Amino acid sequence: RYEPTWDSLDARPLPAWFDEGKLGVFIHWGVFSVPSFGSEWFWWYWQKEKREPYVKFMDTNYPPGFSYEDFGPLFTAEFFDPNQWADVLKASGAKYVVLTSKHHEGFTLWGSKYSWNWNAVDVGPKRDLVAELATSIRNRTDLHFGLYHSLFEWFNPLFLEDSTKAFKTRKFPTSKSLPELYEIVTKYQPEIIWSDGDGNAPDTYWNSTGFLAWLYNDSPVRDTVVTNDRWGAGSICAHGGFYTCSDRYNPRQLLPHKWENCMTIDRSSWGFRRDARLLDYLTIEDLVKQLAETVSCGGNLLMNIGPTHDGRIAVVFEERLRQVGAWLKVNGEAIYRTKPWRAQNDTVTPGVWYTFSPEEGKVNAIFLNWPVSGILELGEPQAKLGETQVKLAGYKELLKWVTLGEKGMVVALPQLTPQQLPCQWGWTLKMTDIN
């Protein structure tokens, strides 16, 4: 049994499915999807920081006295089809999904009895959005279902009161935050608890170690659940299951602890933005590059989409997810269930990232640029004459190669027309019998 101490909790082995899965989809959805302007931090930027674009947006488009709470009934979700969402998520090749059950605005996407009249069952869609998506994911896919939950709430009076008392009182976590966490775990049995938003309060204020001890010892998901590192001021990148360290974290080097790169397909926002331009979205080439870099360095990639207030996954997000899935259909062996190799990227040719498939004993070289010469020079692999075999993922025949002295090799790629290429945006060499 795990004790409610970081020493004990941090010793828990991470369930294997998380490292094997490599790719997840993050979904930021809530009342902030109604204004869908600027950022999911809309309420804070408008009311607290009074940022000029947000104040102007409200003054221009809404009547005087309009409050953020007035957006609640406008969060309607009339086009939300959880089966369609599940099908898109499955097509992406992702192995898990993380839905924002509650962001810093405090609005819960389930009918929480601790969030009276500020939840999706009482206000807006009048539906339990968490339950509907969980059911569709479990019925139609093999994805693991996870939930994001914000510890703090920007404008909750109980949190603000605790804050003015330097967190010596604990009214907010005992009456709101912790009961919600127990509620979502018991009710929806998520296999990821993606915690966030500590409000600069320590983990002792949140009783994070007490909750995690229950989660790992006695909860319905105790054997399979994974958690991140955002459990109070100072715990990020230091405690918890896998480390996130910061948003859009991509160290491009091997780390000693399992980590995750949570990032956004829209470069500047987690929530949907009506004012986004095409240039604001990462291209499929950007996403393949992030995936290769992240996995080669031992991380998982969690790509974020922001649905609309009426429950649609915008077409640009759907296209990106389906493109990633199409790429993984050809190159998935170089991603799923792999381990980091002794070298992460190539020393001679830029844009080449390595992974290792332990079950087959294969070294995978993911290269992002197809050389004009048709010759790919690799500085890292040590090939053995008469033993090493090199294949291109999605292409049947063996490739010819020669060694370069003690270390390195030159591989002749097949001469293919663009139509004959097994995929676009990045390719994989699969090499056996490499030192």
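Residues numbered from 1 in each chain as written. Predicted model: local features only at pLDDT ≥ 70, side-chain atom pairs only at ≥ 80, totals over all residues. Heavy atoms only, no water.

## Section: the environment of Asp 128
Okay, so step 1: Mapped onto the secondary structure, Asp 128 falls in the loop between strand E2 (96-102) and helix H6 (129-140).
Okay, so step 2: For the pair Asp 128 and Thr 224, spaced 96 residues apart in sequence, the C-alpha to C-alpha distance is 24 Å.
Okay, so step 3: Apart from residues no more than four positions distant in its own chain, Asp 128 is found in contact with Leu 109, Trp 110, Gly 111, Val 121, Lys 187 and Tyr 188.
Okay, so step 4: Within the local environment of Asp 128, its side chain forms a polar contact with the backbone nitrogen of Val 130, the two atoms lying 3.3 Å apart. (Helix = DSSP H or I, 4+ residues; strand = E, 2+ residues; numbered from the N terminus. Contact = heavy atoms within 4.5 Å. Polar contact = N/O pair within 3.5 Å; in protein donor to acceptor, adjacent residues only side chain to side chain.)

## A few points about the nonpolar core
Okay, so step 1: Ile 27, Met 303, Leu 429 and Met 431 are the most contacted members of the largest nonpolar core, which totals 124 residues.
Okay, so step 2: Counting contributing residues, this core receives three or more from each of domain 1 (6-334) and domain 2 (339-432).
Okay, so step 3: Look past the residues within four positions of Met 431 in its chain and what remains in contact with it is Tyr 354, Gly 361, Lys 362, Val 363, Ala 365, Leu 378, Pro 381, Gln 389, Val 390 and Met 409.
Okay, so step 4: Among the nonpolar cores identified, the runner-up in size contains 13 residues, and Tyr 96, Val 226, Cys 262 and Leu 302 belong to it. (Core = buried A, V, L, I, M, F, W, Y, C linked by side-chain atoms within 4.5 Å. Buried < 20%, exposed > 50% of the residue type's maximum accessible area, 1.4 Å probe, protein only. Domains from an automatic or database assignment.)

## Structural notes on the sheet that holds strand E7 (residues 299-305)
Okay, so step 1: Taken in spatial order, the 7 strands of this open sheet run E5-E4-E3-E2-E1-E7-E6, and their pairing is parallel. Two strands bound the open sheet, and with one partner strand each, they are strand E5 (226-227) and strand E6 (259-264).
Okay, so step 2: Summarising the sheet, strand E3 (residues 144-150) and strand E4 (residues 192-196) pair through 5 bridges and their orientation is parallel. Along E4, the bridge assignment pairs Tyr 148 with Trp 194.
Okay, so step 3: Each of strand E1 (23-27), E2 and E3 touches H6; the most contacted strand, E3, lies at about 155° to it. (Pairing = 2+ DSSP bridges. Axes fitted to C-alpha atoms, helices over the stretch in contact; angles between N-to-C directions.)

## Observations concerning helix H12 (residues 315-331)
Okay, so step 1: Here H12 contains 17 residues, and its C-alpha end-to-end distance of 24 Å stays within 8% of the 24 Å for a straight helix at 1.5 Å per residue.
Okay, so step 2: Taken residue by residue, H12 has Val 316, Phe 317, Arg 320, Leu 321, Gln 323, Val 324, Gly 325, Trp 327, Leu 328 and Asn 331 as its buried positions.
Okay, so step 3: Next to the buried residues of H12 lie E1, helix H5 (82-91), helix H11 (284-296), E7, strand E9 (362-367) and strand E14 (427-432). (Expected span 1.5 Å × (residues − 1).)

## Re the domain arrangement of the protein chain
Okay, so step 1: Split into domains, the protein chain comes out as domain 1 (6-334) and domain 2 (339-432).
Okay, so step 2: For domain 1 and domain 2, the distance between their C-alpha centres works out to 36 Å.
Okay, so step 3: Taken together, the contacts link 19 residues of domain 1 with 21 residues of domain 2.
Okay, so step 4: Summed over both partners, the interface of domain 1 with domain 2 comes to about 1,700 Å²; 67% of that surface belongs to carbon and sulfur atoms.
Okay, so step 5: Contact with domain 2 buries area across many residues of domain 1, yet Ser 296, Glu 333 and Ala 334 alone supply 30% of it, more than any other trio.
Okay, so step 6: At the boundary of domain 1 with domain 2, the tally comes to 3 salt bridges.
Okay, so step 7: The salt bridge partner of Lys 339 is Asp 19, with a shortest N-O separation of 2.9 Å.
Okay, so step 8: Counting across the domain 1 and domain 2 interface gives 7 residue pairs in polar contact (both at pLDDT 80 or more).
Okay, so step 9: Those elements that place two or more of their residues in the side of domain 1 that touches domain 2 are H11 and H12.
Okay, so step 10: Broken down by element, the side of domain 1 that touches domain 2 gets its largest block of residues, 8 residues, from H11.
Okay, so step 11: The residue makeup of the side of domain 1 that touches domain 2, split by class, is 9 nonpolar, 4 polar and 6 charged. (Buried area = accessible area lost by both parts, 1.4 Å probe. Salt bridge = Lys/Arg side-chain N within 4 Å of Asp/Glu carboxyl O. Nonpolar A, V, L, I, M, F, W, Y, C, P; charged D, E, K, R; others polar.)

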